[in-house]
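Report on the structure
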Amino acid sequence: MTRWRWLLVVAIIGVALVPLSGARMATFLATDVAIWALFAVSLNILVGYTGLVSFGHAAYFGIGAYAMGLLLKNTTVPFVLALPLAGLLAAMFAVLVGFFCVRITKVYFSMLTLAFAQIAWALCFKVNAVTGGDQGLPGIPYPGFLKYFDGVPVIGAFDMGERFHVLVIVLVVTFLVIIHRILGSPFGRVLTMIRENPGRAEFVGVNVRRYQLAAFVIAGLFAGLAGAMFGIFNRGMYPDLMYWTKSAEVLIMVVLGGMSRFYGPILGAFLLLWLNQEITAVTEYWSLIVGLSLMALIFFLPGGAADLVERGRRFLATRAGRAATAVVETRTRNP
Amino acid sequence: MTVSILINQAFSGLTTSVFLFMAAIGLSLIFGVVRVLNFAHGSFYMIGAYCAYQFSVYFGPGNASFWMGAVLAASVVAFLGLLVERFLLRHLYGKEELLQLLFTYSLVLVFADSVKAIWGIEQVSVARPPALSGRVELAGAVIPEYSLMVSIICSFLVLALWLIIQRTRVGRIIRAAAADRETTTALGVNVTWLNSSVFAAGCFLAGLGGALVAPVTAISLGMDTEIVIACFIAVVVGGMGSFWGTLLGSLLYGQVLAFGILLMPEFSLFAVYALMAVVLIIRPHGLLGSSEAVRA
Amino acid sequence: MTGALASRAEGACLKLQDVSKSFGGFKAISDVSFELQRGTINAIIGPNGAGKSTLFNLITGHYTPTTGTVWQDGRDITGIAPHRLSRLGIGRSFQRTNVFAKLTVFENVQAALIAHHGFGPRLFSRSVNLFVRETNDMLASVGLHDRPDLPAGLLSYGDQKQLELAIALALDPHLLLLDEPTAGMSTAETEKSIDLICRIVRERGITLLFTEHDMHAVFSISDRILVLHQGNVIADGTPNDIRSDPHVKRTYLGAKG
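Let me sum up the structure you'll find in this document. Model, not experiment: these values are computed from the prediction. (Residues numbered from 1 in each chain as written. Chains lettered and ligands numbered in written order. Predicted model: local features only at pLDDT ≥ 70, side-chain atom pairs only at ≥ 80, totals over all residues. Heavy atoms only, no water.)

**Some remarks on the interface of chain A and chain C**
The interface is formed by 31 residues belonging to chain A together with 40 residues belonging to chain C. Approximately 3,000 Å² of surface area, both sides summed, lies buried where chain A meets chain C, with 63% of it carried by carbon and sulfur atoms. Contact with chain C buries surface across chain A, with A:Pro186, A:Arg200 and A:Phe203 losing the most and accounting together for 26% of the total. At the surface where chain A touches chain C, the tally comes to 2 salt bridges. The closest approach of N and O atoms between C:Glu107 and A:Arg189, which form a salt bridge, is 3.1 Å. Remark: the boundary between chain A and chain C carries 16 residue pairs in polar contact (both at pLDDT 80 or more). Considering each element in turn, the side of chain A that touches chain C owes the most residues, 8 residues, to helix 8 (residues 186-196) of chain A. Taken together, the residues of the side of chain A that touches chain C break down into 14 nonpolar, 8 polar and 9 charged. (Contact = heavy atoms within 4.5 Å. Buried area = accessible area lost by both parts, 1.4 Å probe. Salt bridge = Lys/Arg side-chain N within 4 Å of Asp/Glu carboxyl O. Polar contact = N/O pair within 3.5 Å; in protein donor to acceptor, adjacent residues only side chain to side chain. Helix = DSSP H or I, 4+ residues; strand = E, 2+ residues; numbered from the N terminus. Nonpolar A, V, L, I, M, F, W, Y, C, P; charged D, E, K, R; others polar.)

Rendered as structure tokens:
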């Protein structure tokens, strides 16, 4: 296992240092993927681990972004404080929304998450004074403290955008490790119990609503943190980014990558964004391709890309002669 | 705030409701019988509008050509819906709900780009039928003849649908399937055929709605995602799978939007979403829906 | 964690008093009263629709009684929230199997232990090494220790019922409610299962209340039998009492007995 851990660390450092390659698009993509990966993983806390399908996750992303944007543009609050504040604001909205949503089930739950998200969108869209209305909040600056890295080796040679990229990688990896820890904890175990059988979970002593609310808030918090970083990365924040179709996009990433594995949504974010970059260069019918791919996925590989990866792993394991246990895979063990 | 302004707004809201109802009733029907929340419903609506445009180009202006075009457009959409159900959706019954929902969303994406490919990104428009291009005065308010005609058509539609659902054998089967699927199958009803028919019928209504709204709206990409949210609101507020509920939901949506624009223009959009949220919080099964296992 | 009011009815682990439940116009349970003595094995029998599952649901708080009270160890638990039950020492299984399908056999029991012991709020420790010994012991006692990594949903029906039992037992209950624990099992499986349940329950001094259709199983292990018919208790006594009760014979045992 330690061998893989080292490989992972090297890969992360590699991603952080992509700007060294000089390829602007690669850096751009890497930052984008990192942020959306965090966003998607946060959604998967709800969808894959707790069994709650939220159609309105983009709201927390958006709130985080607007909060960060407003703080950095209009106040002297430094990035270091603004980030947790943005996350906190998103989490607070999640408490409000979650409180009502966990009282109803299934499609009604999803519809209510959608309703609240659209409320948030409508407010941002219309309350011009604060959020800039449909013009949005352009010109969100990079964090000021990045200026002080001039003397640092390697990073000193990067421009602000590239330094921000390194910052994003560091932050995203940290947050992902935290989420991974949470999901592997007893709390995470309780969430999977709730997903599988909420009725039974009640009877083993779980206050289902309370845990669902907790999951909702944690998911909202990290989505807000992702959004906060996105606002800066995107050099601005616009209401579009909170419309329900964005919630659908991140949901697609989760399913594309695979809900049943922690790394699934990360894979999904990478695939979707990378393919987007490659394919929109050749054609304007990106939606068509996503739609068709999604359809194919649903019919032929509902477990997502992670499913393929797991099959590959098992294949290699049997090849290596390690004891091939029961025919089936265990889908909820954290890697 | 004179009475005529109020009546104008009320009628404006009614117009919105009428067009919304035609789209929403299809969604409600599909949800009630086929048990799928069809995100692509707005896409069918949009395709109906674009087809109406296309037929108006083929047939040229004129009364007969307009109405004929509308019916043809709806039929095309119905046929499209039938194909989708028969060859694709059918294989997902019984699978996880999330997969079904994402499938319908993938349709949204495919249809959106297909429409873009066929008709481009420019807005298109359809003229009203010449006989109905004037206005009528009603209690001090000025109402477009076309909207009035569509409202009348819609009323007949409501009556016809209600009669079908309440008084015919087909209607009884639909109600039975909506209430209890398994028993209905056990009673020998061909549920496969039922699903296909209801889906196609729902799409027909969506297409018709789109075709009829064509002269009074900007036909463009983005229609699909806008209308489907409105449909969700109408259906959720009224009660999923409930006929009168959808009608009530559509009426409420229209009035809330119209008076919202009048009273708090900044927040009119917010008002309809707030309506949806409030209903879901207080009465999740909708104002006229039946309370099956909704509460957690 | 039993209540402070242990003064009332020592020995009466569970007591129902005039419990009724109506759904709309339909009276599912009418004025049911009985007491269960600690450490005894009690069965509720009756035709389908007699209200056995409803009664269980009333005891475990899934439904609130329209009238009447439910006492456990002297404490009023009428209409209690289901998630409080396990802390009161009440365990329950369900008529339709109710396991955590995509979790492994091991994780099913482990997760229940984690929740029951209040480890749920711990966000930053690892769950994987908690309660390993206890889980393995429990799996061994129901005979599932050879397949810990199998997703529970893939077990045979009978094995799932065993797993359900394991989950209920893992919570260390004083009172165990089993709703048709051998439904759908073959005769051999039923006998094995009943023996196992009886042995575990006696070993741990658990008070058992179970419903069953298999009369052989019921009569072989029960200290006491209650007969439910259309929401009413029509007979209450030892197996011999019930066997010779003419009313019971007429309404239920008829062809069996």
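And the narrative resumes.
**Description of the pairing of strand 1 (residues 12-23) of chain C**
A regular strand carries its side chains on alternate faces of the sheet. All names here are of chain C. By the bridge criterion, 8 bridges tie strand 1 to strand 2 (residues 26-37) in an arrangement that is antiparallel. What sits directly across from Lys15, in strand 2, is Glu35. Taken together, strand 1 and the strand that follows it, strand 2, pair antiparallel across an intervening segment of 2 residues, in which Gly24 is found at a positive phi of about 65 degrees. As defined by bridge partners, strand 1 adjoins strand 4 (residues 67-72) across 5 bridges and the pair is classed as antiparallel. The residue of strand 4 that forms the bridge with Leu16 is Val70. (Pairing = 2+ DSSP bridges.)

**Re unusual backbone geometry**
Residue and element names in this part refer to chain C. In this model, Asp31 sits at a positive phi of 45 degrees, which is unusual for a non-glycine residue. Mapping Asp31 onto the fold places it in strand 2. Not every positive phi belongs to a glycine, and Glu180 is a case in point at roughly 50 degrees. A relative accessible area of 8% means that Glu180 is categorised as buried. (Buried < 20%, exposed > 50% of the residue type's maximum accessible area, 1.4 Å probe, protein only.)

**Observations concerning the nonpolar core**
Where a protein is soluble and globular, its nonpolar side chains tend to be buried together. Membership of the largest hydrophobic core comes to 271 residues, with the highest contact counts inside it found for A:Met111, A:Met193, A:Val206, B:Phe232 and C:Leu163. Ranked by the residues each element gives to this core, the list is headed by helix 10 (residues 208-233) of chain A, at 16 residues. Among the nonpolar cores identified, the runner-up in size contains 28 residues, and C:Leu36, C:Ile44, C:Ala50 and C:Leu209 belong to it. (Core = buried A, V, L, I, M, F, W, Y, C linked by side-chain atoms within 4.5 Å.)

**Focus: the sheet that holds strand 4 of chain C**
All names here are of chain C. The antiparallel open sheet is built from 4 strands, whose spatial order is 2-1-4-5. Only two strands of the sheet have a single partner each, and these edge strands are strand 2 and strand 5 (75-76). Pairing analysis gives 2 bridges linking strand 4 to strand 5, with the strands arranged antiparallel. Paired with Trp71 across the two strands is Asp76, which belongs to strand 5.

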